[in-house]
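Reading the structure
Chain residues, written in single-letter form:
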Amino acid sequence: MSTTYHHSFKSWVPRWLMVLTILLTLVPVTAVLGIYIGGMDSAMSYYAADSYDIKFSIIMFYLGVASGFSLEKTISTKFATKPYFTMCCILFILVNLILYNTQNLILLIVFRFLNGTLALVFVGTSFNLIFQQFHSQRSRVLSYAFLYGTMFGSVPLSYIVDAVLFSNYNFNILFILIIFSCLPGFVLLFVCLKNGVELRKEKFALKTK
């Protein structure tokens, strides 16, 4: 029997690869907040800032997530899924490249806000692909529950990363790590999705095969 999965993904893609692809896309994006918190001391040293400045940049990430709810709902219904993801992936990589190449605290705060918004865009769209077989409201609950669960669950692991990574490199290495950890999921998702797929809350259609 055909499922909504195969309206989105190419026919040769098995169910396990669909789930793995989306997890590889989402987990690095959402887990980075925990690593960011664990590297507080390294961030203070790198940006020559106090702890309140770094904590404020973390708050800006959360504000980006919160403000992204209405943005994700509006924008995701105006674009086909594949170009939408491509656009978000390019923006996400550019933002992290800028953060890697700057020690400006103002830019950190601004682009952390944008990173939060992009993270929610990934989550909202990707998890609609996973949970399409459920009621639309239930799919959103599951999506955001996974988002916050991953964020908070990553905090304990962040201290291991802090001990290994930030003891040997400057804090900005984090942004290169983010890019390379996200690329496998981005590439797999681009390869596995059909062209012309449209993701809608109420309706799921396919313009072209």
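Sequence positions are assigned chain by chain, starting from 1 and proceeding in written order. Under the rules for a predicted model, residues below a pLDDT of 70 receive no local features and side-chain atom pairs below 80 are neither given nor counted, while totals for whole chains, interfaces and linings still include all residues. Note that water and hydrogens are dropped before the side-chain values are worked out from all heavy atoms of the structure.

As recorded by an unreviewed UniProt entry, the protein chain carries the name MFS transporter and is attributed to Polaribacter sejongensis.

The next point concerns the packing of aromatic side chains. Two rings belonging to Phe, Tyr or Trp (six-membered ring only in the last case) form a pair when the distance between their centres is within 6.5 Å. Interplanar angles under 30 degrees mark stacking, angles over 60 mark edge-to-face geometry, and anything in between is tilted. Scanning the entire structure with this criterion turns up five aromatic pairs. Between tyrosine 46 and tyrosine 47 the ring centres are 4.9 Å apart and the planes differ by 90°, which places this aromatic pair in the edge-to-face class. Summary of the burial criterion: residues with accessible area below 20% of their type's maximum are buried, those above 50% are exposed, and those between are partly exposed, where the area comes from a 1.4 Å probe applied to protein chains only. Tyrosine 46 gets classed as buried once you look at its relative accessible area, which sits at 12%. Centroid distance phenylalanine 171 to phenylalanine 175: 5.9 Å. Interplanar angle 85°. Geometry classified as edge-to-face. In this structure, phenylalanine 171 and phenylalanine 175 share a single accessibility class: buried. Among the aromatic residues, those joined into a ring-pair cluster are Tyr46, Tyr47, Phe171 and Phe175. It is lysine 55 that lies over the ring of tyrosine 52; its NZ or CZ is 6.0 Å from the centre. Remark: a charge is flagged as sitting over a ring if the NZ atom of Lys or the CZ atom of Arg is within 6 Å of the ring centre and within 35 degrees of the ring normal.

An α-helical segment advances 3.6 residues per turn. Residues three or four places apart therefore align on the same side. When we look at burial in helix α3 (residues 40-47), the residues that qualify are Met40, Ser42, Ala43, Tyr46 and Tyr47. Summarising the axial view, the buried residues of α3 lie within an arc of 160°, below the 170-degree limit, and thus occupy one face. Opposite the buried face of α3, by more than 90 degrees, sit the exposed residues Asp41 and Ser45. Secondary structure elements follow DSSP: runs of H or I no shorter than four residues count as helices, runs of E no shorter than two count as strands, and numbering proceeds from the N terminus. Following α3 by one or two positions, alanine 48 has its phi on the positive side, about 50°. It is the directions from the helix axis to the C-beta atoms whose arc is reported.

Turning next to the state of the cysteines. Here is the idea: a disulfide is a covalent bond, and it sits between the sulfur atoms of two cysteines. Note that a disulfide, as used here, is simply two cysteine sulfur atoms within 2.5 Å. Tallied over the entire structure, the rule returns zero disulfides. The structure places no disulfide on cysteine 182, whose sulfur is separated from the nearest cysteine sulfur, that of cysteine 89, by 8.4 Å.

The nonpolar core is taken to be a set of buried Ala, Val, Leu, Ile, Met, Phe, Trp, Tyr and Cys residues, with the residues joined through side-chain atoms within 4.5 Å. Of all hydrophobic cores here, the largest spans 47 residues; its most connected members are Phe9, Tyr47, Ile54, Phe92, Phe122 and Phe171. At the level of secondary structure, the elements contributing two or more residues to this core comprise α2 (15-38), α3, α4 (51-75), α5 (81-100), α6 (105-130) and α9 (173-192). Broken down by element, this core gets its largest block of residues, 12 residues, from α6.

On to a nonpolar patch on the surface. Exposure above 30% relative accessible area and no salt bridge define the residues that can form patches, which grow by joining like charges within 9 Å and nonpolar side chains of Val, Leu, Ile, Met, Phe, Trp and Tyr within 5 Å. To measure how exposed things are, a 1.4 Å probe is used in the Shrake-Rupley method; for residues, cover is taken only from the protein chains shown. In the sections that follow, a salt bridge refers to a side-chain nitrogen of Lys or Arg positioned within 4 Å of a carboxyl oxygen of Asp or Glu. A cluster of nonpolar side chains, Trp12, Val187, Phe190 and Val191, forms an exposed patch at the surface whose accessible area comes to about 400 Å². Here valine 187 is to be found in helix α9.

This part covers the UniProt feature "transmembrane region" (unreviewed entry) in the protein chain. Per the UniProt entry, the sites bearing "transmembrane region" (unreviewed entry) are residues 16-39, 54-71, 83-100, 106-129, 141-161 and 173-193 in this numbering. Structurally, residues 83-100 comprises 100% helix and 0% strand, and the distance from its first C-alpha atom to its last is 26 Å. Across residues 173-193, helical content stands at 95% and strand content at 0%; the span's end C-alpha atoms are separated by 31 Å. UniProt positions are given in the numbering used here, feature names are shortened, and annotations may be inferred rather than shown by experiment.

As a further point, take the side chain of threonine 21. Within the element layout of this structure, threonine 21 appears in helix α2. Exposure remark for threonine 21: the relative accessible area of 0% places this residue in the buried category. Every residue pair with non-hydrogen atoms within 4.5 Å of one another is taken to be in contact. Residues within four places of threonine 21 in sequence aside, it is in contact with Gly185, Leu188, Leu189 and Cys192.

So, about α5. For α5, built from 20 residues, the straight-helix expectation of 28 Å at 1.5 Å per residue is met to within 8% by its first-to-last C-alpha distance of 28 Å. Three or more residues of α5 are buried, namely Thr81, Lys82, Tyr84, Phe85, Cys88, Cys89, Phe92, Val95, Asn96 and Leu99. Projected down its long axis, α5 shows its buried positions confined to an angular sector of 155°, all on one face. Each helix should span, by expectation, one fewer than its residue count multiplied by 1.5 Å.

Moving on: the packing of α5 against α9. For helices, the axis comes from a line fit to the C-alpha atoms of the stretch in contact; other axes are also lines fit to C-alpha atoms, and the angle between any two N-to-C directions lies between 0 and 180 degrees. Contact geometry of α5 with α9 gives a least axis separation of 9 Å together with a crossing angle of 165°. Regarding the angle of α5 to α9, the classification is roughly antiparallel. Two packed elements cross with a definite hand, and for α5 against α9 that hand is left-handed. Counted together, Lys82, Phe85, Thr86, Cys89, Phe92, Ile93, Asn96, Leu97, Leu99 and Tyr100 of α5 and Ile173, Phe175, Ile176, Ile178, Ile179, Cys182, Leu183, Phe186, Leu189 and Phe190 of α9 form the full contact between these two elements. The residue classification treats Ala, Val, Leu, Ile, Met, Phe, Trp, Tyr, Cys and Pro as nonpolar and Asp, Glu, Lys and Arg as charged. All others, Gly included, are polar. Residues that form the contact of α5 with α9 fall into these classes: 17 nonpolar, two polar and one charged. When describing relative orientation, an angle under 35 degrees is termed roughly parallel and one over 145 degrees roughly antiparallel, while 65 to 115 degrees is termed roughly perpendicular and anything else oblique. In this scheme the handedness of a crossing depends on how the near helix is turned from the far one: anticlockwise by less than a right angle means left-handed, clockwise means right-handed.

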